[in-house]
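Descriptive analysis of the structure
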Amino acid sequence: MSDLLTERTPPVIAAEINTIKQQTNKILLASAVEVGKRLKEAKALLPHGEWGKWLEESVSYSQRTAEKLMQVFDEYGIKLLVSSEDDGSSNPPPVANLTYSQALILLGLPEEERDGFIAENDAGSMSSQQLQQAVYKRNQELAGKEDEDLQKVFAEQKDKISKLSDERDRAKKEATDNLQAVWAEQGNVLKLQRKLDVLEDENAAAKRIAEIEHESRVLKLNLSMTQADARFELIAKGLDDLFIAIKEMAAADPDACKLYITYANQLMSKTLNKLKRIEKTTMAVPKAPENPEKD
């Protein structure tokens, strides 16, 4: 009979103690979940401003401790409660093998990473120090991945900016070409003005002056239209670029996007008001008679 008994050695005793500690910590985690659940229930029932007083007087908890217990319930409660009610027909969730200390350390990981991390690293068998180091390493890896994602987004944005810059340069060149056409029209107007100075015959000059004045009005009208076309095209292109930039800004910086939308609305409103004033002034000016000699 004595041969069947395990020999009592320090390693055997240490193993038994560690087993008891492990079981106690698991019980502590389950208890913390239940306490956190009831703390949330009490907080919802208490009037505003009474929470801290109730904690101190009724359960001797600081608000920091209470918040931590409620967080444990929020993060692990549903999984542990389902696990405790399971009849053994399904595999328990990874969190079921954690101690209270391990559960607190794992709060440092994003929730979507937690179960996979527990399973991959056998977190339930780690010491607190080992688990803290593993969580720190995992967070560093996640931060590195986020940096890579940000670099990728930055590269894509840089490429878009480069394309927009090319489009802007092409628009500037087109505008320059249009301005050259405007200058050419201005040169024609000056030539016609010089012709007026060299006409000697008064009768011929009078007739020629009328013809040149007509040509000058036509050229000036063409000049105004060319200038308007060039400026309108440049403004339209600029507005298109602005709208594209604001639209792309929405995903990266919604607040900046809203600000630029406000500025754009103000610009459009001012422009519309100026156009209305010009239209009102133009309508108010009486038209000259087509043939003054008949008056």
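Above this text sits the structure in question.
Parameters and conventions
Residues numbered from 1 in each chain as written. Predicted model: local features only at pLDDT ≥ 70, side-chain atom pairs only at ≥ 80, totals over all residues. Heavy atoms only, no water. Helix = DSSP H or I, 4+ residues; strand = E, 2+ residues; numbered from the N terminus. Buried < 20%, exposed > 50% of the residue type's maximum accessible area, 1.4 Å probe, protein only. Contact = heavy atoms within 4.5 Å. Core = buried A, V, L, I, M, F, W, Y, C linked by side-chain atoms within 4.5 Å. Patch = residues over 30% accessible without salt bridge, like charges linked within 9 Å, V, L, I, M, F, W, Y side chains within 5 Å. Areas by Shrake-Rupley, 256 points an atom, 1.4 Å probe, with all protein chains shown as cover. Salt bridge = Lys/Arg side-chain N within 4 Å of Asp/Glu carboxyl O. Phe/Tyr/Trp six-rings, centres within 6.5 Å; stacked < 30°, edge-to-face > 60°. 1 Å grid on protein atoms, 1.4 Å probe; cavity = no way out; pocket = protein on both sides within 12 Å on 5 of 7 lines; lining within 4 Å. Points joined across faces, edges and corners; volume = space filled by probe spheres on them. Nonpolar A, V, L, I, M, F, W, Y, C, P; charged D, E, K, R; others polar. Arc of directions from axis to C-beta.

A short note on the overall build of the chain
Of regular secondary structure, the chain possesses eight helices and zero strands. Walking the chain from its N terminus toward its C terminus, one meets helices and strands in the order α-α-α-α-α-α-α-α. Taking all 295 residues of the chain together, 18% fall into the buried category. A fraction of 59% describes how many contacts in the chain between residues 6 or more apart in sequence connect residues 24 or more apart.

Considerations on the nonpolar core
If you look at the biggest cluster of nonpolar residues, it comprises 28 residues, and the most contacted ones within it are Val72, Tyr76, Leu98 and Leu106. When contributions to this core are tallied by element, the ones reaching two or more residues are α1 (10-45), α2 (51-59), α3 (63-85), α4 (100-106), α5 (111-121) and α6 (128-198). Top contributing element to this core by residue count: α3, with seven residues.

Quick look at a nonpolar patch on the surface
Taken together, the side chains of Leu259, Tyr260 and Tyr263 present a nonpolar region at the surface, about 300 Å² in accessible area. Among the secondary structure elements, Leu259 is positioned in helix α8 (residues 254-284). Take Leu259: its relative accessible area is 41%, and that puts it in the partly exposed class.

Focus on the packing of aromatic side chains
Enumeration over the complete set of coordinates arrives at two aromatic pairs. A centroid spacing of 5.9 Å and a plane angle of 15° characterise the contact between Trp51 and Trp54, whose relative ring orientation is stacked. On the criterion of helical spacing, the pair formed by Trp51 and Trp54 is a turn pair, its members being three residues apart in helix α2. For Trp51, a relative accessible area of 8% translates into the label buried.

Observations regarding empty space enclosed by the protein
Taken as a whole, this structure holds one cavity of 30 Å³ or more when the rule is applied. Lining the largest cavity, in full, are Ala171, Glu174, Ala175, Asn178, Ala230, Glu233, Leu234 and Lys237. Within the residue set of the lining of the largest cavity, elements represented by two or more residues are α6 and α7 (202-252). Counted by class, the lining of the largest cavity contains four nonpolar, one polar and three charged residues.

Description of α5
Along α5, the residues classified as buried are Arg114, Phe117 and Ile118. Viewed end-on, α5 has its buried residues packed into an arc of 100°, placing them on one side of the element. Structural note: α5 exposes Glu112, Ala119 and Glu120 on the side pointing more than 90 degrees away from its buried face. Asp122, located one to two residues past α5, shows a positive phi value of around 50°.

Re unusual backbone geometry
One non-glycine residue with positive phi stands out, namely Ser60, at about 55°. Locating Ser60 in the fold gives a position in the loop between α2 and α3. The backbone of Asp122 shows a phi angle near 50°, a positive value even though the residue is not glycine. When you line up the elements, Asp122 lands in the loop between α5 and α6.

Some thoughts on the environment of Ile118
Looking at where Ile118 falls in the secondary structure, it is placed in helix α5. Judged by relative accessible area, which is 5%, Ile118 ranks as buried. Taking the C-alpha atoms as reference points, Ile118 and Val95, separated by 23 residues in sequence, lie 7.5 Å from one another. Every residue in contact with Ile118, bar those within four places of it in the chain, is listed here: Pro94, Val95, Leu98, Leu106 and Ala123.

Points about the layout of surface pockets
Roughly 330 Å³ of volume is contained in the largest pocket. Lining of the largest pocket is provided by Ile235, Leu239, Leu267, Met268, Lys270, Thr271, Lys274, Leu275 and Ile278. Counting only elements with at least two residues in the lining of the largest pocket, the list comes to α7 and α8. Per-element accounting of the lining of the largest pocket gives the leading share, seven residues, to α8.

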